[in-house]
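Here are the chains, one letter per residue:
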Amino acid sequence: MDSRTLIPKNSRLRSKTIGFSFFYYIWLFLFLSAIGWLWEVWLCLITDHEFINRGILFGPWLPIYGAGGLFLYFLLYRLKNHPVSIFFLAAIVCLILEYFCSWFLEKLWGIRWWDYSGYFWNINGRICALGGLVFGVGALLTIYILIPWFEPLYEKIPPRIRKTVGLILLFLFIIDAAYAAAAPNIGKGITS
């Protein structure tokens, strides 16, 4: 199956000769994962006044943001002309994803990486109303700003470099994930 068939029809790069390859999605996943990591590190710097390497992995990426961003891209990009729909659907989808991830991580390692028990309209401390609001805004930023900014940058990278660097980054991510599967990041400020 041609990977371009997975691309929303109104995506800028759909008609480009580079199409959307496996490497495009690797780069986009890691880009969104890194943006999520920067967001969470920034929040910790603001609220706790210290650097905290957030997430279960050790590298500068949070795969829940990469996976969630890609999922939203495939699910919602075709609704680009309907920002209110994107906001609400993203909030719902991301809250479901966050709840499942919280439950899964706790079942797998017996540790909670976040707890929203003190927040308004929380469900079992796994998700809360504020989180849904942030996810909705984050989806709008991803669809309208981050991906349109990312696509031309990706396009400027020569194909050989895209593949080589993409494979290196993927390899580093897999090593990090494999290591974290045995010994997840549970340092100071990481878990609830």
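Everything numeric here is computed off the predicted structure, so don't read it as measured data.

Just checking my understanding: could you explain the overall build of the protein chain for this structure?
The helix and strand inventory of the protein chain stands at five helices and zero strands. In the protein chain, which comprises 192 residues, the share counted as buried stands at 41%. For the protein chain, restricting intrachain contacts to residue pairs at least 6 apart in sequence, the fraction spanning at least 24 positions comes to 69%. When the accessible surface of the protein chain is totalled, it reaches about 10900 Å², and 72% of it is carbon and sulfur.

What is the right way to look at the packing of aromatic side chains in this model?
The description of two aromatic rings rests on the distance between their centres and on the angle between their planes. What the rule picks out here adds up to 22 aromatic pairs. Taking the centre distance of 5.9 Å and the plane angle of 35 degrees together, the rings of phenylalanine 31 and tryptophan 149 count as tilted. Of this pair, phenylalanine 31 sits in helix α1 (residues 22–48) while tryptophan 149 is found in helix α4 (residues 129–156), placing the two residues 118 residues apart along the sequence. Phenylalanine 31 gets classed as buried once you look at its relative accessible area, which sits at 15%. Between phenylalanine 100 and tryptophan 103, the aromatic rings sit 6.1 Å apart at their centres with planes inclined by 35 degrees, giving tilted as the arrangement. With a gap of three residues between them, phenylalanine 100 and tryptophan 103 both fall in helix α3 (residues 83–109), about one helical turn apart.

I'm lost on the side chain of serine 102 in this one. Help?
Position of serine 102 among the secondary structure elements: in helix α3. Leave out the neighbours within four places in its chain, and serine 102 touches Trp114 and Arg126.

What exactly am I supposed to notice about the packing of α1 against α4 here?
Two packed helices can be described by the angle between their axes and the distance between those axes. Contact pair α1 / α4: the axes reach a minimum separation of 11 Å and the direction vectors enclose 130 degrees. It follows from the interaxial angle that α1 and α4 lie oblique. Judged by the sense of rotation from one axis to the other, the crossing of α1 with α4 is right-handed. Note on element contacts: α4 touches α1 through Val134, Thr142, Leu146, Ile147, Trp149, Phe150, Glu151 and Tyr154, opposite Phe23, Tyr24, Trp27, Leu28, Phe31, Leu32, Ile35 and Trp39. Of the residues that constitute the contact of α1 with α4, the class distribution is 14 nonpolar, one polar and one charged.

Quick question: what am I supposed to make of a nonpolar patch on the surface here?
A surface patch of nonpolar side chains, amounting to about 980 Å² of accessible area, comprises Trp39, Trp42, Leu43, Ile46, Tyr119, Leu130, Leu133, Val134, Val137, Leu141 and Ile145. Where the nonpolar patch is concerned, the elements lending two or more residues are α1 and α4. With six residues, the top contributor of residues to the nonpolar patch is α4. The topology assignment puts leucine 141 in helix α4. Assessed through its relative accessible area of 42%, leucine 141 is described here as partly exposed.

What counts and what doesn't
Residues numbered from 1 in each chain as written. Predicted model: local features only at pLDDT ≥ 70, side-chain atom pairs only at ≥ 80, totals over all residues. Heavy atoms only, no water. Helix = DSSP H or I, 4+ residues; strand = E, 2+ residues; numbered from the N terminus. Buried < 20%, exposed > 50% of the residue type's maximum accessible area, 1.4 Å probe, protein only. Contact = heavy atoms within 4.5 Å. Areas by Shrake-Rupley, 256 points an atom, 1.4 Å probe, with all protein chains shown as cover. Phe/Tyr/Trp six-rings, centres within 6.5 Å; stacked < 30°, edge-to-face > 60°. Axes fitted to C-alpha atoms, helices over the stretch in contact; angles between N-to-C directions. Parallel < 35°, antiparallel > 145°, perpendicular 65-115°, else oblique. Left-handed = near helix turned anticlockwise from the far one by under 90°. Nonpolar A, V, L, I, M, F, W, Y, C, P; charged D, E, K, R; others polar. Patch = residues over 30% accessible without salt bridge, like charges linked within 9 Å, V, L, I, M, F, W, Y side chains within 5 Å. Salt bridge = Lys/Arg side-chain N within 4 Å of Asp/Glu carboxyl O.

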